[in-house]
Amino acid sequence: MTAVLESVDVPMMALGRVYQRYRSEFDAAWQRVMERGTYVLGSEVEAFEEEFSAWCDPGRPVVSVASGTDAVLLALRSLGIGPGDHVATVSHTAVATVAAIELAGAVPILIDIEPRTFTIDVQKLEDTLNQLQSGPSRPKVRAVVPVHLYGHPCDIDGLLGVCERYGVQLLEDCAQAHGASFKGRKVGSFGAAAAFSFYPTKNLGAFGDGGAITFSDERHAQTCRALRQYGWRERYFSDLAGFNSRLDELQAALLRVRMRHIDEEIEVRRKIAARYNHDLREFLEVPFLRAQCEHAYHLYVIRHAEREKLRARASSRGVSTAIHYPAPVHMQRAYAGRLRIGAGGLDATERAAREVLSIPMHPFLTDIEVESVIRGLRADERSSV
Ligand SMILES: *Cc1c(COP(=O)(O)O)cnc(C)c1O
């Protein structure tokens, strides 16, 4: 007879633990803002932008905005992309990526993904650019928005090459990839611009919405600083037709607390991923890691042909799971039938939507929880998948 090991229920997320862990630092931060009496675009936002820049890619200008969706939208607008322009991206992503392209007035062109990394297939991107160039209407693709999905970097060298050859601007969607790197350089440092989200569950999460953009060119950052505040050159004088998309002082102050811990938190994510990899790889497809890349494990996504069976078993053992994402953007009701799809259909995208499964992954998981997740997924002597 085998000993009965302790198991606990494991939810996908436990955001309340963020506050519990750093309570005294958060309390000091919000009290400081409340007492100072500046709530929009003040010293906390300025300091946060500097600290985020120093952490991501020292010297690269950072402009904070109200959300990750706005970050993609304002990055495009700052790069001069708008109505009449085409922008290539993926369909296997948060709908926000595609929504932001349309909000900018541009036309999204959806490219399939590599099956192993779930990120944009650069060969298919190039095929599509070729095909469009020789087609009758010759739509001008001005930018590509690859998504470093789940925290895994895209094929960055491949993308830089294609962008160079076709005169296309690179806008990285880093909403899931704070802290991921390629050849020792963090994502968000490669493109003309890079968009980040600080939605609470992201690797760097606020207590509400927030986002930021890093730019390679200070002039684009300046345009963005105007666009986020009514297009103002100076107070009450609008040089551009702008928006209201600002990060609150309160959120900036709280994000500054989280910035102090982000490196250690990402290390914890990597340690948990290493344990999952070691214990799960014999019976399921664990996340692939491209050479010279460091994964930030925003999500830990496995793939299984009998996903629903696996999911039901985990659930029966108290382990929550989620699907990112169950329907690709081109199959969503709001978009179906009206988006331009890239060359060759989106087979890998549609297969991913059927087979991916996200299991609990965040830096506040306890050892017993990690153990319980592994046990919840494993087939035991009485069941088999
Ligand atoms: C979360 C996310 C966004 C949108 O960010 P919000 O802050 O929720 O607007 C965009 N792209 C990707 C890939 C995301 O995961």
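Heads up: these notes are all about the structure in this document.

Some words on the packing of helix 2 (residues 43-56) against helix 8 (residues 249-259)
Then comes step 1: Viewed as axis vectors pointing N to C, helix 2 and helix 8 meet at an angle of 35°, and their least axial separation amounts to 8 Å. The crossing of helix 2 and helix 8 is left-handed. Facing S43, E44, V45, A47, F48, E51, F52 and W55 of helix 2, the residues of helix 8 in contact are E249, A252, A253, L255, R256 and M259.
Then comes step 2: Each residue belonging to the contact of helix 2 with helix 8 can be placed in one class, and the counts come to nine nonpolar, one polar and four charged.

With respect to the environment of E265
Then comes step 1: By secondary structure assignment, the location of E265 is in helix 9 (residues 262-280).
Then comes step 2: The class for E265 is buried, based on a relative accessible area of 4%.
Then comes step 3: Spatially, the C-alpha atom of E265 lies 39 Å from that of T128, the residues being 137 residues apart in sequence.
Then comes step 4: Excluding its chain neighbours within four sequence positions, the residues that come into contact with E265 are Y22, N203, R258, P363 and F364.

What to know about the site of the ligand
Then comes step 1: What surrounds the ligand is a group of 13 residues, the closest being G68, T69, D173, S197 and K202.
Then comes step 2: In the environment of the ligand, an oxygen atom lies 2.7 Å from a nitrogen or oxygen atom belonging to the side chain of S197.
Then comes step 3: A distance of 2.9 Å separates an oxygen atom of the ligand from a polar atom in the side chain of K202.
Then comes step 4: Look at the ligand: alone it shows 380 Å² of surface, and the protein chains cover 89% of it.
Then comes step 5: Of all elements in the fold, only helix 3 (68-78) and helix 4 (95-103) reach the threshold of two or more residues within the shell around the ligand.
Then comes step 6: In terms of residue class, the shell around the ligand is built from four nonpolar, seven polar and two charged.

Quick look at the pairing of strand 1 (residues 62-65)
Then comes step 1: Side chains V62 and S64 of strand 1 all project onto a buried face; the interleaved residues V63 and V65 project onto the opposite face, where all are buried too.
Then comes step 2: Two strands pair when backbone bridges link them, and strand 1 and strand 9 (residues 211-215) are joined in this way by four bridges, in the antiparallel orientation. Each residue of the ladder has a partner; that of S64, found in strand 9, is A212.

Observations concerning the side chain of S245
Then comes step 1: By the element assignment, S245 lies in the loop between strand 11 (237-238) and helix 8.
Then comes step 2: For S245, the side chain forms a polar contact with the side chain of D70, separated by 2.5 Å.
Then comes step 3: Apart from the residues within four sequence positions on either side, S245 is in contact with S64, V65, A66, D70, L74 and R228.

Thoughts on the state of the cysteines
Then comes step 1: Evaluated as defined, the whole model comprises zero disulfides.
Then comes step 2: The structure places no disulfide on C56, whose sulfur is separated from the nearest cysteine sulfur, that of C174, by 6.8 Å.
Then comes step 3: No disulfide involves C163; its nearest neighbouring cysteine sulfur is the one of C154, lying 11 Å away.
Then comes step 4: Judged by relative accessible area, which is 8%, C163 ranks as buried.

Description of helix 3
Then comes step 1: Most of helix 3 sits out of view: nine of its 11 residues are buried.
Then comes step 2: Three or more residues of helix 3 are buried, namely G68, D70, A71, V72, L73, L74, A75, L76 and S78.
Then comes step 3: A distance of 3.4 Å separates the backbone nitrogen of T69 from a side-chain oxygen at the start of helix 3, and that oxygen is part of S67.
Then comes step 4: Phi turns positive one or two residues past the end of helix 3, at G80, with a value near 85°.

Points about the pattern of salt bridges
Then comes step 1: For the structure shown, the criterion picks out 27 salt bridges.
Then comes step 2: One salt bridge in this structure joins R165 and E126, with 3.0 Å as the shortest N-O distance. Taken together, the residues span a long stretch of sequence, with R165 in helix 6 (residues 156-166) and E126 in helix 5 (residues 122-134) at a distance of 39 residues.
Then comes step 3: Relative accessible area serves as the criterion here: at 15%, E126 is assigned to the buried category.
Then comes step 4: Residues E355 and R303 are paired through a salt bridge, measuring 3.0 Å at the closest nitrogen-oxygen approach. Of this pair, E355 sits in helix 11 (residues 347-355) while R303 sits in strand 13 (residues 300-303), placing them 52 residues apart in sequence.
Then comes step 5: Each of R32, R36, E44, E51 and R256 takes part in one network of salt bridges that share partners.

Reading the values: the criteria
Residues numbered from 1 in each chain as written. Predicted model: local features only at pLDDT ≥ 70, side-chain atom pairs only at ≥ 80, totals over all residues. Heavy atoms only, no water. Axes fitted to C-alpha atoms, helices over the stretch in contact; angles between N-to-C directions. Helix = DSSP H or I, 4+ residues; strand = E, 2+ residues; numbered from the N terminus. Left-handed = near helix turned anticlockwise from the far one by under 90°. Contact = heavy atoms within 4.5 Å. Nonpolar A, V, L, I, M, F, W, Y, C, P; charged D, E, K, R; others polar. Buried < 20%, exposed > 50% of the residue type's maximum accessible area, 1.4 Å probe, protein only. Near = heavy atom within 4 Å. Polar contact = N/O pair within 3.5 Å; in protein donor to acceptor, adjacent residues only side chain to side chain. Areas by Shrake-Rupley, 256 points an atom, 1.4 Å probe, with all protein chains shown as cover. Pairing = 2+ DSSP bridges. Disulfide = S-S within 2.5 Å. Salt bridge = Lys/Arg side-chain N within 4 Å of Asp/Glu carboxyl O.

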